[in-house]
Amino acid sequence: STTCQQQLRQKSSSPIPAPVLSKWYSIFGKSTIGYATWLVGGIIVAEGLTGMLGDAFWGSVNHGRTFDTVDWSKFKTDDEEEEEEEEEEEEEEGTGDEEGDDDDDDDDE
């Protein structure tokens, strides 16, 4: 009978070591609130992991088709290049009013 019980223990042993299970039970398994905390924490972690994996998969499948991954320089026209050059020239010229603002708005006479 003793060897039969030992065989049952060996067959039904968990892949998780007994000290780990005992520690888990002493922290989370003894009370309802501890177990609920374990469940909520596990659900949040699992959601985070599945979300990250899902986003990574989606990004790899749709690379080059989303707004962030499209090479927008392929769609540039000559008109847009001319507009950008004009904007750069205007920025270089500037208005010249920033440095010496002589307009006295204080009205201190």
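Predicted model, so just to flag it, every value in this text is computed and none were measured.

## Structural notes on the environment of tryptophan 24
Next, step 1: Mapped onto the elements of the fold, tryptophan 24 is located in helix H2 (residues 18-29).
Next, step 2: Separated by 14 residues in the primary sequence, tryptophan 24 and tryptophan 38 have C-alpha atoms spaced 9.7 Å apart.

## Observations regarding the environment of leucine 21
Next, step 1: On the secondary structure map, leucine 21 appears in helix H2.
Next, step 2: Setting aside chain neighbours within four positions, we find leucine 21 in contact with Ser14 and Ile16.

## Section: the packing of aromatic side chains
Next, step 1: Taken as a whole, this structure holds six aromatic pairs when the rule is applied.
Next, step 2: Residues tryptophan 24 and tyrosine 35 carry aromatic rings whose centres are separated by 6.3 Å and whose planes lie at 90° to one another, so their mutual orientation is edge-to-face. Linking tryptophan 24 in helix H2 with tyrosine 35 in helix H3 (residues 32-61), this pair joins segments that are 11 residues apart in sequence.
Next, step 3: Look at tryptophan 24 and tryptophan 38: their rings are 5.5 Å apart centre to centre, the planes differ by 80°, and that puts the pair in the edge-to-face class. Of this pair, tryptophan 24 sits in helix H2 while tryptophan 38 sits in helix H3, placing them 14 residues apart in sequence.
Next, step 4: One aromatic cluster is present, formed by Trp24, Phe28, Tyr35 and Trp38 through successive ring pairs.

What counts and what doesn't
- Position labels on residues start from 1 in each chain and follow its written sequence.
- Under the rules for a predicted model, residues below a pLDDT of 70 receive no local features and side-chain atom pairs below 80 are neither given nor counted, while totals for whole chains, interfaces and linings still include all residues.
- The basis for every side-chain value is the complete set of non-hydrogen atoms in the structure, without hydrogens or water.
- The helix count covers DSSP runs of H or I at least four residues long, the strand count covers runs of E at least two residues long, and both are numbered beginning at the N terminus.
- We call two residues in contact when some of their heavy atoms are within 4.5 Å.
- Note on aromatic pairs: the rings of Phe, Tyr and Trp (six-membered ring only in Trp) are paired at centre separations within 6.5 Å, and the planes decide the class, stacked below 30 degrees, edge-to-face beyond 60, tilted for the rest.

The analysis is restricted to geometry; functional conclusions fall outside its scope.
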